[in-house]
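Descriptive analysis of the structure
Chain by chain, the residues run as shown.
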Amino acid sequence: MKKMILSATSKLLGIIAMLFLTIQGFAQETETSGSTSASTSEVSSTTTETTWYMQPWAWVVGGVVLLLIIILLARGGRGNSDSVTVRKTVTHD
C-alpha cells in the first residue's frame, strides 16, 4: 500500500511539474512575440547558415547508428563465451 501511495504521489508531482513548465513556456512565447515598436528598432539580415541537425542525412545516419546499438545490445546476452560443451565417451565391452 505504501508503494502505491508513493507511486501516485510521484505521478501527481510529475504532472504538476509538467503543467508548470508548459505554462512557463507559453508565457515566454507570449512575452517575446508582443514587442513594442516605439522603443525598439530592428535590423533585418538574411543568413543561409543551416545547422547539421536540420539536414536529412544527419537523421538517417543517427537512425542507423541507433539501430546498430540496439541490435548489438540485444545480441550481447547470446555470446558463446558463456556456453559449456559436454562430451561423453562411451565404451562398450
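Up top is the structure.
Residues numbered from 1 in each chain as written. Predicted model: local features only at pLDDT ≥ 70, side-chain atom pairs only at ≥ 80, totals over all residues. Heavy atoms only, no water.

Observations regarding the overall build of the protein chain
What counts here: Every helix listed is a DSSP run of H or I at least four residues long, and every strand listed is a run of E at least two residues long, numbered separately from the N terminus. Think of it in three bands: residues with accessible area under 20% of the maximum for their type are buried, residues over 50% are exposed, and the middle band is partly exposed, with areas taken using a 1.4 Å probe on protein chains only. For the area figures, the Shrake-Rupley method with a 1.4 Å probe applies, and any residue is considered shielded solely by the protein chains shown.
Of regular secondary structure, the protein chain possesses two helices and zero strands. Within the protein chain, buried positions represent 1% of all 93 residues. Carbon and sulfur atoms provide 65% of the accessible area of the protein chain, an area that totals close to 9800 Å².

Points about a nonpolar patch on the surface
What counts, and what does not: Patches were defined on residues exceeding 30% relative accessible area and lacking a salt bridge, with like-charge contacts within 9 Å and nonpolar side-chain contacts (Val, Leu, Ile, Met, Phe, Trp, Tyr) within 5 Å. Think of a salt bridge as a Lys or Arg side-chain nitrogen and an Asp or Glu carboxyl oxygen that are within 4 Å of each other.
A grouping of Trp 57, Val 61, Val 65, Ile 69 and Leu 73 is seen on the molecular surface, where their side chains present a nonpolar patch of about 520 Å² in accessible area. Summarising the element assignment, Trp 57 is placed in helix H2 (residues 56-75). Note on Trp 57: relative accessible area 53%, which makes it exposed.

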